[in-house]
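Given next are the chains, with one letter for each unit.
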Amino acid sequence: MILVYSKRVKTLRLFAMASLLLTACSTADLGNREPAQAKLPLNMTDEVPGLTIGNTHEVLNAPGRIIRGGQPTLRNLPQLAAIHTTDFVIFKYDNQGEVAQEIQELAKHFPRAQVHHYPMSWNAIVDDVPCRYTVQALNDLMAAARTPGRVAYFHCTYGEDRTGLLAGLLRMTTQGWTADKAFHTEMCPHGFGFGDTTRSPAIGAKSEAGLVPIFLQLASQIQGHGVNLNTVFDPAMCDVKPKMPLNPVSFTCK
């Protein structure tokens, strides 16, 4: 009876050790995941003084100034001139000629070389072209960010999804935020994916399905890799398999 009991105790101990090892492995697979960020409320108000475009927020204030927001109307463009905007990144495809009209109007007041347009999609992404657009747009914004006196404004349509993707990556690059903090503190509260609770969940689902993989692909190569304000990104980042991929489970705004 003593022998049988001893074997049973050993078996239980081995089982407990195996469970601990499995738990440790599962935790490691999360890609250094932080404690869950508290969910912040939706905030799509204009926080930049002088702008009434919608969903405008400052991402960086020095050396250059970087501002995110929705697509400006012709009536809003003077507001951007009034805050001394020097650079524009239009991060959306032209649906009904609105982008062409914006570029035409901007050309009256700003050098064409400082107006950048990337026909970025937000869903049904099937190749690496949107990822490469993201890298190129980041480089444009980073160039403005490291130049004193330059003010860059970037937008998609509502300043939520595609704009949020860029803003999250900029936070990581210029301020050393982790991917988890950038996603849950910068992207979700300003309407990314399921973060915008005022629209159909189906739209949020499509947005996250299309854009979160791009965020994770690039964020995994930014976090912990010594990236800073002087970094110039290589579009080849879109082709590289990250050595420490981030686990997608926690990257949703639900």
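Keep in mind it's a predicted model, so treat the numbers as computed, not measured.

Conventions adopted
Residues numbered from 1 in each chain as written. Predicted model: local features only at pLDDT ≥ 70, side-chain atom pairs only at ≥ 80, totals over all residues. Heavy atoms only, no water. Helix = DSSP H or I, 4+ residues; strand = E, 2+ residues; numbered from the N terminus. Buried < 20%, exposed > 50% of the residue type's maximum accessible area, 1.4 Å probe, protein only. Contact = heavy atoms within 4.5 Å. Axes fitted to C-alpha atoms, helices over the stretch in contact; angles between N-to-C directions. Parallel < 35°, antiparallel > 145°, perpendicular 65-115°, else oblique. Left-handed = near helix turned anticlockwise from the far one by under 90°. Nonpolar A, V, L, I, M, F, W, Y, C, P; charged D, E, K, R; others polar. pLDDT = per-residue confidence, 0-100. Phe/Tyr/Trp six-rings, centres within 6.5 Å; stacked < 30°, edge-to-face > 60°. Lys NZ or Arg CZ within 6 Å of the ring centre and 35° of its normal.

## What to know about the overall build of the protein chain
When helices and strands are counted, the protein chain shows seven helices and five strands. Of the regular secondary structure in the protein chain, the N- to C-terminal order runs α-β-β-α-β-α-β-α-β-α-α-α. Counting across all 254 residues of the protein chain, residues that qualify as buried make up 48%. Relative to all contacts within the protein chain whose residues are 6 or more apart in sequence, the contacts with residues 24 or more apart total 71%.

## Digging into the packing of helix 4 (residues 129-145) against helix 7 (residues 201-222)
It is at 10 Å that the axes of helix 4 and helix 7 come closest, and there the two elements cross at 50°. Judged on the interaxial angle alone, helix 7 and helix 4 are oblique. At the point where helix 4 passes helix 7, the crossing takes the right-handed sense. Here helix 4 contributes Pro 130, Cys 131, Thr 134 and Val 135 to the contact with helix 7, which in turn contributes Ile 214, Gln 217 and Leu 218. A breakdown of the residues in the contact of helix 4 with helix 7 according to their chemical character gives five nonpolar, two polar and no charged.

## A short note on the confidence of the model for the protein chain
Of the residues in the protein chain, 85% reach a pLDDT of 70 or more, and the chain-wide mean stands at 88. A low-confidence stretch, residues 1-33 (pLDDT under 50), is modelled with seven contacts involving residues beyond four sequence positions or located in other chains.

## Examining the packing of aromatic side chains
For the structure on display, the rule yields six aromatic pairs. Seen in terms of ring centroids, Phe 88 and Phe 110 are 4.9 Å apart; in terms of plane orientation they differ by 65°. Their pairing is edge-to-face. One end of the pair, Phe 88, is in strand 3 (residues 87-90); the other, Phe 110, is in the loop between helix 3 (98-106) and strand 4 (115-117), and 22 residues separate them in sequence. Comparing Phe 88 with Phe 110, the two get one shared label, buried. Arranged with centres 5.7 Å apart and planes meeting at 50°, the rings of Phe 183 and Phe 215 form a pair that is tilted. Placement of Phe 183 in helix 6 (residues 179-187) and of Phe 215 in helix 7 is noted, with a sequence separation of 32 residues between them. Assessed through its relative accessible area of 0%, Phe 215 is described here as buried. In this structure, Arg 162 packs its charged tip against the face of Tyr 93, placed 5.5 Å from the ring centre.

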